[in-house]
Amino acid sequence: MSGKGNKLKNNTRKESGSSRIKKKKGKGSIGGILKFIKSEKFKFISGLFLIIFSIYLLFAFISFLFNWHADDSLSHSFKSILFNSDVETHNWTGRLGAALAHQFIKEWLGISSFMIILCLFISGIKLLFHFALLPIGKTFRFSFIAIIWFSLSLGFIFKNTDFSTILGGTFGFQGTEWLNGALGKVGTAFLLFFILIGFLIIAYNLSIKNLILFFRNMFFPEPKETFADNVSENKKYNTFSDEKISNETPSHTTVEFDLDKNKLPDEDKNHLSEENSPKNEKISTDNIELTIESPATNVEQNDILNGDNKESDETEHKTIETPYDPTLDLSSYKYPVIELLNEYGSDTVPVNKEELETNKNRIVETLNNYSIQIDKIKATIGSTITLYEIVPAPGVRISKIKNLEDDIALSLAAMGIRIIAPIPGKGTIGIEVPNRNPETVSMHSIISSERFRNSNFELPFALGKTISNESYVADLTKMPHILMAGATGQGKSVGLNVIISSLLYKKHPSQLKFVMVDPKKVELSLFSKIERHFLAKLPDSENAIITDTRQVVRTLNSLGLEMDARYNLLKDAQARNIKEYNIKFINRRLNPQNGHRYLPYIVLLIDEFADLIMTAGKEIETPLTRIAQLARAIGIHLIIATQRPSVNIITGTIKANFPARIAFRVTSKIDSRTILDSGGADQLVGRGDMLLSTGSDLVRLQCAFIDTPEVEKIAEYIGSQRGYPDAFHLPEYLDEDSEASKEFDPSERDELFKEAARIIVQHQHGSTSLLQRKLKLGYNRAGRIIDQLEAAGIVGHFEGSKAREVRIKDELTLEQFLNDQG
């Protein structure tokens, strides 16, 4: 009996063991399926399928719109169309496409079914590339409402037509039939109109005032508003019409992590919201608490902008005469409109919870590996960079964290990691980490921001957005000069275009002039169309965009003469700066017969400074330094860009007069220290990522992006309007060489003049050293002969370290020239 009992027990144990194994296998299979669903492979496959299927549906729907008459004779059953091989359809996508198109468009929702394709496509893009073309949740909600409204509206409008079921679908047709019976046609029309207005108010936050303006402009259109300078003494233009002004809310997000492991939060475990909420939202995952904060006010970030530039107007005196208006010469001038600029991406920054969690865990893990404890970590998410602020535990040395910069970059597998230890004005240490999917900052979003529209600066210009995703706007008169450097292709030329375009959006041609120097001859040529409006040049110069080195030297010396003349005018007017002088002139307190005139601001732009220094050297550096030292008060400002920030290009004398410096990505720490006097520029990620130094402060910005077609449209818009007869003329400057050449008398030529001319023409190389070697002369005599050859027109002007140009190309022509000279 005992043996039988043992057998029964063993059998029951085997059965129970096998059942446990089956349960474990069952749980394991379910867990494996869930794990596969969450894996990147499943997301990739699903995203690819949704993209391909949405494109397939698009072709099916479009083909149905052309061939629905021919396919309408078929059976209306989905199964009969799909599975009956005898059915021949005219749809481009075969029986399946014809069946789907027939079901969606005719049987269900009409042409509004195209919005389903949009939802499928952006979902596929999100799964495949981890990038949202449009906000997923918002797009799905808006598309659902729009599908219902368009189906009903099209069914109501085209009710008695043959294609009513195609435009509105069966849902729209039968829905309007029921609404017409319940409310009547008038009631149905009012209901659809009410739903439309309600949707616009909720979706786009429209106010009653904006709606009234919208309908007023619809029935009584007005001329297009222009973007004008609303802080000028002559307030004749408005910056934007009311309908263009939007509520600008700071779109940066702050995520706070609570690292107290002994405390478990009570909140539910939720996912991180992709849209900023006006309230604080706490999310807990295991032992980490995240707080998303959306600030209600826009905080000023830039020290340059702290001064509100509201100087007292005590210098203004009331006069009986009408104030002088400098804009009357071009009174019909229209400022560029915002529609000339393109929009790239959205103004809101998407929050990727997975990326935040991964980076936070790796930072904490790396610090723990080196026995560094932290009390708190908080993340501020920007368009390109996320700033993780760390509060170290008491007793932790800052230098220990600073020395782990390369280790943190290795653990995050990201380039462009920068550690700020400590953050100025805060008791935290900052770690800047590039986002996996950076957002493009469009020039449209910067120009349309309230900070730029309402700026009270004399020369306001926009640069881009800060890490906290706020528009950065500064005053060029407060800088007062900018030095810009960075490696090739990192955004210098785009940065120059951003500065120029923002000034064009705010200033009238009578208030601002540009002197543009472009040794590369192609970067600034786009602005040649605005020559008669905004450019300045020498009186004898053909092109306003300066590309020749000799012309650059003459232009800089001419600006020096203009600077001296302006200082004399300020001395006679007893004014300290250009602003006070112009106010007196506008109020007619200065007599034009005594030489006084309205003084526009002049901005000198040099795109490639290194080429000029290599070619002319001291001839460029000396007048440039003098202008940089003295020209601030009389309204001449410099913006210099170079791709070689080495010490022989950016000398100490130049750096001392350029307190504002912009550094795009450079290749070495030495270059970063040359431009910024500190490291960091070598750790940028490129593509417009930059550091702005304004003295003691260092700000990281993402430069706004403006494409070449946008610049062309702005220049074309301005250039197509009536301008001045010619560009603004700078004072005429005669260099010493041209004056000295007039002193030579042909009768006093050197005995070896003709032989030297033959040697120069034979070798096609005009240099003093060549004559020294060939004729065995001393330097002074050879230099004198070269000057005589220049006076005779055989060789060109002095070009620094380069040989002079030989203007006579062969010996036969030279002999004829010498015979004619006698």
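Residues numbered from 1 in each chain as written. Predicted model: local features only at pLDDT ≥ 70, side-chain atom pairs only at ≥ 80, totals over all residues. Heavy atoms only, no water.

### Things to note about the environment of Ala 757
Mapped onto the elements, Ala 757 comes out in helix H25 (residues 753–763). A relative accessible area of 0% places Ala 757 in the buried class. Residues Ala 757 and Leu 818, 61 residues apart in the sequence, show an inter-C-alpha distance of 9.3 Å. Non-local contacts of Ala 757, meaning those with residues more than four positions away in its chain, are made with Leu 789, Ile 794 and Leu 814. (Helix = DSSP H or I, 4+ residues; strand = E, 2+ residues; numbered from the N terminus. Buried < 20%, exposed > 50% of the residue type's maximum accessible area, 1.4 Å probe, protein only. Contact = heavy atoms within 4.5 Å.)

### As for the pairing of strand S7 (residues 429–434)
Among the six residues of S7, six are classified as buried, and the element is accordingly described as predominantly covered. As judged from the six bridges shared by strand S5 (residues 385–392) and S7, these two strands associate in the antiparallel manner. From the neighbouring strand, Ile 390 faces S7, where its bridge partner is Ile 429. (Pairing = 2+ DSSP bridges.)

### Focus: the sheet that holds strand S10 (residues 482–485)
The mixed open sheet is built from 10 strands, whose spatial order is S9-S8-S18-S17-S16-S10-S15-S14-S11-S13. Of all the strands in the sheet, just strand S9 (471–475) and strand S13 (545–546) have a single pairing partner and so form its edges. As judged from the six bridges shared by strand S11 (residues 512–517) and strand S14 (residues 601–606), these two strands associate in the parallel manner. When the sheet's bridge partners are listed, Val 515 is paired in S14 with Leu 604.

### Examining the environment of Leu 48
Within the fold, Leu 48 resides in helix H2 (residues 40–71). Sequence separation between Leu 48 and Phe 121 is 73 residues, and the spatial gap between their C-alpha atoms is 9.5 Å.

### Topic: the pattern of salt bridges
All chains considered together, the criterion is met by 24 salt bridges. As a salt-bridge pair, Arg 576 and Glu 580 come within 2.8 Å of each other at their nearest N and O atoms. We note a salt bridge from Lys 655 to Asp 677, for which the minimum N-O separation is 2.8 Å. Of this pair, Lys 655 sits in helix H21 (residues 652–656) while Asp 677 sits in the loop between helix H22 (669–676) and strand S17 (689–693), and the two are 22 residues apart along the sequence. (Salt bridge = Lys/Arg side-chain N within 4 Å of Asp/Glu carboxyl O.)

### Focus: unusual backbone geometry
Omega for the peptide link from Met 479 to Pro 480 comes to -10 degrees, which places this bond in the cis form. Summarising the element assignment, Pro 480 is placed in the loop between S9 and S10. Positive phi, normally seen in glycine, also occurs at Asn 469, with a value near 65 degrees. Here Asn 469 falls in the buried class, since its relative accessible area comes to 5%.

### Quick word on the packing of aromatic side chains
A full pass over the atoms with the stated rule returns 11 aromatic pairs. Judged by centre distance (5.5 Å) and plane angle (70 degrees), the ring pair of Tyr 333 and Tyr 335 falls under edge-to-face. This pair shows no difference in class: Tyr 333 is buried, exactly as Tyr 335 is. Taking 6.4 Å as the distance between ring centres and 50 degrees as the angle between the ring planes, the aromatic pair formed by Phe 514 and Phe 534 counts as tilted. Of this pair, Phe 514 sits in strand S11 while Phe 534 sits in helix H16 (residues 531–534), and the two are 20 residues apart along the sequence. Of the two residues, Phe 514 and Phe 534, both sit in the buried class. Put simply, the rings of Phe 61, Phe 104, Trp 108 and Phe 114 touch in pairs and so form one group of aromatic residues. Sitting over the face of the ring of Phe 452, Lys 506 holds its NZ or CZ atom 5.6 Å from the ring centroid. (Phe/Tyr/Trp six-rings, centres within 6.5 Å; stacked < 30°, edge-to-face > 60°. Lys NZ or Arg CZ within 6 Å of the ring centre and 35° of its normal.)

### Focus on the packing of helix H5 (residues 114–129) against helix H6 (residues 136–157)
Where H5 meets H6, the closest approach of the two axes is 9 Å, and the angle between their N-to-C directions is 170 degrees. With respect to their mutual orientation, H5 and H6 come out roughly antiparallel. In this structure, H5 contributes Met 115, Ile 116, Leu 118, Cys 119, Ile 122, Ser 123 and Lys 126 to the contact, and H6 contributes Ile 136, Thr 139, Phe 140, Ser 143, Ala 146, Ile 147 and Phe 150. Looking at the contact of H5 with H6 residue by residue, the classes come out as 10 nonpolar, three polar and one charged. (Axes fitted to C-alpha atoms, helices over the stretch in contact; angles between N-to-C directions. Parallel < 35°, antiparallel > 145°, perpendicular 65-115°, else oblique. Nonpolar A, V, L, I, M, F, W, Y, C, P; charged D, E, K, R; others polar.)

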